[in-house]
Structures are given as C-alpha cells and as structure tokens.
Amino acid sequence: MISGLKTAIGLEVHVQLRTKTKLFCGCSVDVGAPPNSRVCPVCLGLPGALPTTNEEAVRLATRAALAFGFCVEPTSEFVRKQYFYPDLPKGYQITQYAHPLARDGALRLPESDGGRRVRLSRLQLEEDAGKSNHDLFAEETAVDFNRSGVPLIEIVTEPEIRTPGEARALLVRLRQVLKHYAGVSDCNMEEGSLRVDANVSIRALADAAPPWKVEVKNLNSFGNVKRALAFEERRLSARVREGCPPERETRRYDASVRETRPLRTKEEVLDYRYLPEPDLALLNLSEAEISSCGVGLPPPIDEIEARLVERYGLSLYDACQLATRPERAAYLEAAVGEGDGEIAKAAANIMIGDLAAGLNRRGSLSEADLLPPETLGRLARLRTNGTLSSTTASRALALLLWMEGATPEDLDELVRREGLAQVGDPAELESWIRVALSENPEEVARSRAGESRLLGYLMGEVMRVSGGRAEPKLARRLLEEALASPE
Amino acid sequence: MGALRSLSAAREMLSLGEDAYLELASLALHRAHELEGGEAPIHAFLSLVEEPPRFRAELSPAGGAAASRLAGVPIAVKDNICTLGLPTTCGSRLLEGYVSPYAATAVRRLEESGAWVIGKTNLDEFGMGSSTENSAFGPTRNPADRKRVPGGSSGGSAAAVAAGVVPAALGSSTGGSIRQPAAMCGVVGVKPTYGRVSRYGLVAFASSLDHVGVFARSVPDAAAILGVVVGVDRRDATSRPRDPGPVSTSTAGEPSEALRGRSIGVPAEYFGDELDDGVRQVAERALDTIGEAGARLIPVSLPSTATALSCYYVVAPAEASANLARFDGVRYGRRATGGRTLSETYLRSRGEGFGDEVKRRILLGTHVLSARQYEAYYLRALELRRHVHEDFRRAFRTVDALFAPTTPTVAFRLGEKRATPTEMYTADIFTVAANLAGIPAMTIPIGNQGGMPVGGQLMCAAWEEEKMLGIAAALETCLEYVHPLAGEA
C-alpha cells in the first residue's frame, strides 16, 4: 500500500486440467507434440464438426472447485464467447459466463502474509485456443492448434488482494492446492498450464471503488506478477495523486524492461456477444456426482497448518513449509506420533532442511519413499535427547538416505557403528580442546589478550576436531576454562 | 425411369445384380447431366461423381441383410452436408473447392446401408434463403416449370428428386428448407424431431434449429431413408438417446385405415390472409379427403404463429453470426490477398466470400447479440420460442397431428422476390414454428394449382415420426397425387 491510497487487486487464473484428451473432442492433450499433430475436425473448427463434453474434465474441474470450498452448481451452461483471432478456430471460445460451474469459494493467504481470507467469486470450465507464433517466419504468423480445445478452468478472485506481495503469496498457495491437494493440474507456468491475468485499481481511502481498473496480461511467472503489479501500483498512484484518474485499459507486461505497456484502451473494449452454446446441453450434475468428485480430497491447507501449529506448537512459518503438500504434513505426523513439541520441531527442522535438500538432489518428491517416517521420528528423538548434535544428525541422515528405507534399528546401529553419539566425558573433551588449541596458537594468544569474539571460532575448531561429537555445553565451559587458565 | 423414382422399383432392379446396378447408376448420372444442360438448366447439382462406386456383391439386396437396405441406391446430398471425395461448398464462394476430410453421420449411415452419393445439390448459401437463388453458383430451377424457383434452401435436393435423378435425397432444414422446396417441387419432405438425426457433418447455420431430413417421391420411401439415418450419435451432443427405434409405416390392412379415428387439428392461423386462394382450395380439398377417410377434423389455435417468424429471424441470425465466424480464410476456404493487416484480410476474405443474404443475416445476428441489444431481441425471442413450444404442447394434448398448407403460395418466379428479403422470408411462414419447437413435420404433395404442385403439411408431437408417417402414407394413398411432370420421359 502506498500512503493515503488503497490498492485493490483481483486475479484471473487459467489452469490446464490434467486430462488425457481435449475438452470437446478425443484428441490427446500433448501440446509439445509436432505442430498441428493433435488435431481433428472438432478442435480445428472444420465445417459441420460438433463438440461433445469430456466428462473427465468436468470431474477434475469439480474436484478443483471442491478443494477451494466452492458451491458447485447443479446446472451450469456453456456459452460462446466471440472474437476473431487466427488461433481461435471457430471464431468463438466455448466457455461459461452467466452460469459458471461453481461460485463462492475462498482461499486463505498464508499466515506469514497476514492469513486473510480472499474470496474466489467463480470457477468456470472452458477450452483453450491455439498458439500463434509470430517469430517462426519473417512475414507470416504460424498457428499451432495442438493446444486448441485443451481443457482449462478459470478461477477468478474478488478484488480483495491488497499488495503485489499478497498476490504472489495467494498464487503460490493456489498452485499448491491445485497441484498437490486437488491433483488436477501440473500448474507449470513455463509450459503454459497455469496462466495469470491481474487487474488493479487504486483509490484514495475515502472514495468508493473507482469506476475503472487496469488489466495486466502476459504474466508468465509469479515473480513477474508481483513486479508488474508493483509497477502498476506506482504508475497508477502517481496518476491519481496528480489528479488525472487513469482510464480503464488492458496492458501487457514486458519482462525484459519490467514495465507494462498499453494493449487496449476503453474505446476498444470488446463486445464478446455471448451466446448460450446451442451444440451442448446444459451441464447437469447431481449431488452424488458432485460429491464423488471430492473423494480423497485432503482437508484444506489452512486447516492442516493450524493443526500443525496447535498440536505440536510449530511456528507458522514451519507449518506453512510443511503443508505445501498434504503428504508432507501427514509424513510429519506419522514420524512424530504421540511425541512432544520438541521432537516435532526437530523433525520439522530436518524435513525443511537436510531432508528437503536430499529429496531435491534425488529429484524425488516423496519423503516416505526415501525414509520411513518412524526413522525420522527416531532421528528427531536422538537429536532432542542430546545423543546427536546437529552435525552428527546431518551425517546420520545422509547415510540413512543413501540406505533408502532405513528402519529406526538401522539408525541405532549406524549411531553405534559410526560413533556419532555426542561425547560428554570431560577427559575426552579436554583432549580435543588441547588439540584444537595447539593447532591455533595465534588465535589462542589473541583470545587470551582479550579478543573475546575468537571464542566462537575456537569452539568451532573443537567441534571439528571432535568430528561433531563433542557435547557443546560442557565443551564450551571446558574451553573457557582452558583459555582462562595460564599456559 | 421408374427405378429412379421409387425405392422399391430401384431395389427390384438392383436385385438383378451388377449389370443392373451399373445400368441404374449410369442412367442416374446421365439424367443428372441432362439437368445441367440446355437453355434453362435445372442445375440441381453443384458436383457429381465421375463414376459410381464399385459394385459390392456383399451388399446386394439379394442378401437381404439390414446393412444392405439401400444397396446400390443413388442418393443426392445437399451441399452443406459433408461428404468424402466431393466438395462441400454450402453454395458459397467462401468454401468453393473445399473438400471435407470426414463424412457427416447421416451420409455415413446411408453409405453403410449400401447407398452411394451421386452428387451434391445446390442450395441457398449456407441454407439462407427460400428459393435457392442465393447460391453463389447460380439458381436451381423448378422441374415443373423452369421459369420458377424450386423453393429453398434445399432446392437442389427437391429438384433432383422431382426430376427423377434419384429416388431420394438428404436435405437440411433450419426454418423450412426441406418442407418448403419439397412442397414447391411436388415431392415428399420430412423434417424429423430435433435430435433424432445427428447434425454431425451438417455445416451449421443455426444450431438449435438445424435438422437433417429427407426427400423422396413417396411416404414409404421417405420413411425408409429416414429409418437408416436416425439414431443417437455420440458425436452430436444434441442427438437424443430417447430414440423410439426404427421408423416404419407398416400398418395392418389398408394404409388408408391409418386415418380412421385419428383426430387431426386444423390450425386457424395457417389459413389466414397470407394464404393464396388457389392453395387454400387444394388444402381444403385435402381436408375433405382426411375427413372422408374417417378422421375427425378439430379446429385448433396456435396463437404464437404470428410472431414465430419474427422470433426465427432473431434466433437464427444470432446463432448464424457465431456459426459463420469460423469462415475467416485462416485454415480453409477463400483467403483474400492484398490485405495489409489481419483485420483487413478478415474483412476482405469475408467480404468477397459471402453473398448479400449471408452478410445481412450475420449483421442482424451480430446486432441482436451485442451487449446493448441482447435483452431487447435475443432474450425476448427466446421467450417467444417458449410460447411456440407451449402452443404445440397444448394442441397435441387433444389431436394426433396438425394439418396445414406447407407454403402460402405455389413456387414463385425466379427473381420475383429477390429484391425484397422480408417478402421472401414469408415463404417460410408456415414452416418455421416446427423448427422452433423441434417437432417432426413433413409435407406431401396434395394437388396442383395452375400446373404447380401444392404441399400439405403434417406436424406431430416430438418423437412421433411413426405416427406422422403413418397418417401421411394414408393420406397419400387417398389423394392419388399426380405430379405435373408425370407422363414425361
């Protein structure tokens, strides 16, 4: 927010559903296939061809709607949205308008971004257009219709988002739900299976909502959404302050210069001449059909986060990190079991830190595949009861991941075999301290001369010499004593 | 040539085997070429096959299998219905030379029954017209009087059947484009219930009003063809699974008995001032015949008749404006050269490709769907359409069928109505209501007036084709209609 002015942002998100075939024909969805190799009379808009609805797409769209708590309408309607463009083969897009598939959903922003609930006004099912390529030939435009007819859902938020940062956070969360909770889409922005348009308006706090808004298109990453909105926020605020209210227009974000550029102004606002699609019957869904689409849906993401916070006392930040996928939260709960908050925090730290990094390196998404949850639970317990230091716990985890599927007993054996347990025996600690001091005579002298900040460095040296096994509290006390006593 | 005028005669001849098949095929093709020549050519066809398909013994009628019901029978197909091999132009410059990569479901079903497509018939461009004068490739003439139009938009199909090129043809109807030309050419034309015959492969004019239907010389022939093309199609979401099964006209005993005890409604609105006196007389004589055959004639009222045509001229152009948007010259069809911008290329391609009537209707449809006009026109038209439905529903609670003249006049002269589109539109005044309501309707020739055929229309409740065809067959038997061309070679 810029002082004295209030920003209102709304998002329109297009998401490609994970179906085998297109929305209104049997062509396979394979947008990367050779150009125009996944086409038929229907998705090419040939004369006489007619659409028939892909039930799997309806099912996935309904599932997505349920994941956001939308009310799924028992009857919705397809319409023709008319405009001319070479990659729109019928001269109209089959979409929904007056009667969308679902209304009145909501998504809560992450607590780290304020936790506010943003209303989602509608979710509709529609077909994608083809893809124009203006760069392939010097004088001509090439059109690939592989994408034509691919099923999309469009989710529209109310203009309740207040900052570009919130917009980004909401999108991250929207993607988590679609991809990992509902499982209806890959949500891959680079491949175009998730696309975002945003609209912005700015007003003085006292005013009612302004009669205009600016729409920004071509936002091809969440980072660009934030940057484009921040740019518009500045541009529009300046205009409002100068007393020349911006006009209603559509702009396009140019990532190379990080600016938006005008695309269409008010005078060119298109009249889409919506027409109920006469080739398709109304889309009727019984209560049983609707509820069957929600079978196996996990609880909403914010409920899972709240549970992690309440049950284990995790920080909101950690809870958000763990709820990105419902399986992660379930994995943590399986690992910790009846354990206390200390163990849960230790397990969460391992998951967010070393375990996530280990999964990343292996290109794997599933913690449970690499490490049974009980083993993580044991590891967290050993960490909290002081048997393992953070260094030896990391080393143990690295070895466990290498073993794949290691049991808690394997972990115990590992700790014994590798001698990973922390050492609190003063005699052994003192011998490590002697080695560390003898290897750093200069630092020792400076420390003794009063340069107290070198204590940390020397403590690190002790830990290094001990192979991470020195019990840190006692080691520190003994190190201080050694430095305090004369040579 | 009887075998080109009757399915049963054709089947009898075809049962003789390959030689008979080849003879019939060459006769049909010869006759078709004949119509294209001379001083005032009938010009029923826009394209013709060069030679008939290879004889398929396995389909021979001698086999008697259901799949061979139409073995060897030549059929003409309106040129807005997609076929493999022959072009599908819709009578438009824009689609000149366009060959569809797939065949319409109705065509496929005919071919699977052994029939073969002899050629594609002329039509008003995209089905928009009532005289076949709006074809970009020249008008079709009425075989009964070559100075007159054959009606439209399926004028080519009607003329091809009337002139004895083929025993049957496929046509399409959006507001009357089967019944009106059938009546004007003196043949049988059937528009089935909406959803009974798949529209897949029929180039859309107004999707909620478009129907595929048939032309034949007799009611049993029309029923036989219809029986082959009906049925739910998974490619057409508006084709209904509620299909009562095969169409037949078989009745116990004399066909004329089908009229006995039936109640036939006579809608007052179809006998108003628009009706030509000569046509009225023929229609009233047919009513007498119906009564004499033992049916009860019941006066009914369909108050929505007066507004049905206006309703039609909002709904049909609205849908047409969307359906014809795909003809942009990008993927197929005519693309104008010389456009400097995308928008100029669109404007030129469509400007050069479409004829005046098509442009008129696209503009009309675009206007009524624009945000400011939507309520005033489109939503009001939908309301009127509900009244039409309701009127028929009420009528069919008390009567088995409705009988009325098919057209207000006999076929008019070429050029007579071209200058005044709204007068041309009234040629469909008695036929649009059945399209708006989606009910089955048909015409049979009921007499001649001044040497020109007059058609009588029967309408029934949705899915009651069988009842309608039974009544029509009975009436046909009673009337013993003689076509003006009968007796000519």
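Residues numbered from 1 in each chain as written. Chains lettered and ligands numbered in written order. Predicted model: local features only at pLDDT ≥ 70, side-chain atom pairs only at ≥ 80, totals over all residues.

Enquirer: Please give an account of the overall build of chain B that cites residues and values.
Expert: For chain B, the helix and strand inventory stands at 14 helices and 11 strands. On C-alpha atoms alone, chain B measures out to a radius of gyration of 21 Å, which is about the 23 Å that the 2.2 N^0.38 rule sets for 489 residues. The principal-axis extent of the C-alpha atoms belonging to chain B is close to 70 × 55 × 45 Å. Of all 489 residues assigned to chain B, the portion counted as buried reaches 61%. (Helix = DSSP H or I, 4+ residues; strand = E, 2+ residues; numbered from the N terminus. Rg over C-alpha atoms; globule rule 2.2 N^0.38 Å. Buried ≥ 20, exposed ≤ 12 C-beta atoms within 10 Å, placed from the backbone.)

Enquirer: Talk me through the nonpolar core; I want residue IDs and the actual numbers.
Expert: Within the largest apolar cluster, 271 residues are counted, with the highest numbers of intra-cluster contacts made by A347 of chain A together with I75, V166, F215 and L458 of chain B. Top element by residues in this core is helix α8 (residues 305-323) of chain B. It accounts for 10 residues. Ignoring any residue separated from it by four or fewer positions in sequence, one finds F215 of chain B in contact with S157, A158, V161, A168, A169, G171, I178, A182, V187, V188 and G189 of chain B. By size, the runner-up hydrophobic cluster in this structure holds 11 residues, among which are L429, I433, A436 and L458 of chain A. (Core = buried A, V, L, I, M, F, W, Y, C linked by C-beta atoms within 7 Å. Contact = placed C-beta atoms within 7 Å.)

Enquirer: Explain helix α3 (residues 222-241) of chain A to me, and be specific about the residues and the numbers.
Expert: All names here are of chain A. In this model, α3 (20 residues) spans 28 Å end to end at C-alpha, consistent with the 28 Å of a helix rising 1.5 Å per residue. By the burial criterion, the buried members of α3 are V225, K226, A228, L229, E232, L236 and V240. One side of α3 carries all its buried residues, which in axial view fall inside an arc of 165°. Facing away from the buried side of α3 by over 90 degrees, the exposed positions are G223 and R234. Just beyond α3, the residue with positive phi is G243, at close to 80°. (Expected span 1.5 Å × (residues − 1). Arc of directions from axis to C-beta.)

Enquirer: How would you explain the packing of helix α8 (residues 341-362) of chain A against helix α11 (residues 390-403) of chain A if you had to name every residue and give the values?
Expert: All names here are of chain A. Close contact between α8 and α11 brings their axes to 10 Å; oriented N to C, the two are set at 40°. Here α11 runs oblique to α8, going by the angle between their axes. In this structure, α8 meets α11 at a crossing whose hand is right-handed. For the pair formed by α8 and α11, the contact residues are I350, D354, L355 and G358 on the first element and S394, L397 and L401 on the second. Residues that form the contact of α8 with α11 fall into these classes: 4 nonpolar, 2 polar and 1 charged. (Axes fitted to C-alpha atoms, helices over the stretch in contact; angles between N-to-C directions. Parallel < 35°, antiparallel > 145°, perpendicular 65-115°, else oblique. Left-handed = near helix turned anticlockwise from the far one by under 90°. Nonpolar A, V, L, I, M, F, W, Y, C, P; charged D, E, K, R; others polar.)

Enquirer: Quick rundown of the sheet that holds strand β5 (residues 92-96) of chain A? Include the residues and the values.
Expert: Residue and element names in this part refer to chain A. Read from one edge to the other, the open sheet built from 3 strands follows the order β5-β4-β15, with strand pairing classed as antiparallel. Here the strands that pair on one side only, and so sit at the sheet edges, are β5 and β15 (275-276). With 2 bridges joining them, strand β4 (residues 78-82) and β15 adopt antiparallel strand pairing. Bridged to V79 within β15 is P276. (Pairing = 2+ DSSP bridges.)

Enquirer: Just give me the short version of the pairing of strand β9 (residues 401-405) of chain B, but keep the residues and values in it.
Expert: Residue and element names in this part refer to chain B. Burial within β9 is extensive, with 5 of its 5 residues counted as buried. Strand direction decides the pairing type here: strand β7 (residues 263-267) and β9, joined by 2 bridges, are parallel. Looking across to β9, one finds that G265 is bridged to L402. Note that β9 and strand β11 (residues 452-459) share 4 bridges and pair antiparallel.

Enquirer: Explain the environment of R240 of chain B to me, and be specific about the residues and the numbers.
Expert: Residue and element names in this part refer to chain B. Its location among the elements puts R240 in the loop between α6 (219-229) and β7. For R240, a count of 17 C-beta atoms within 10 Å puts it in the partly exposed group. Linking R240 and A462, residues 222 residues apart in sequence, is a C-alpha distance of 11 Å. Non-local contacts of R240, meaning those with residues more than four positions away in its chain, are made with G195 and V232.

Enquirer: Just give me the short version of the pairing of β4 of chain A, but keep the residues and values in it.
Expert: Residues and elements named next belong to chain A. Extensive coverage of β4 is indicated by the burial of 4 of its 5 residues. Note that β4 and β5 share 5 bridges and pair antiparallel. Across the sheet, V79 pairs through a bridge with T95, a residue of β5.

Enquirer: Help me get a handle on helix α2 (residues 164-181) of chain A, residues and values and all.
Expert: All names here are of chain A. With 18 residues, α2 extends 25 Å from end C-alpha to end C-alpha; this agrees with the ideal 26 Å at 1.5 Å per step. Of all 18 residues making up α2, 14 are buried, and the element is well covered by its neighbours. Just past α2, the residue G183 takes up positive phi, approximately 65°.

Scope: geometric values only; no functional claims are made or implied.
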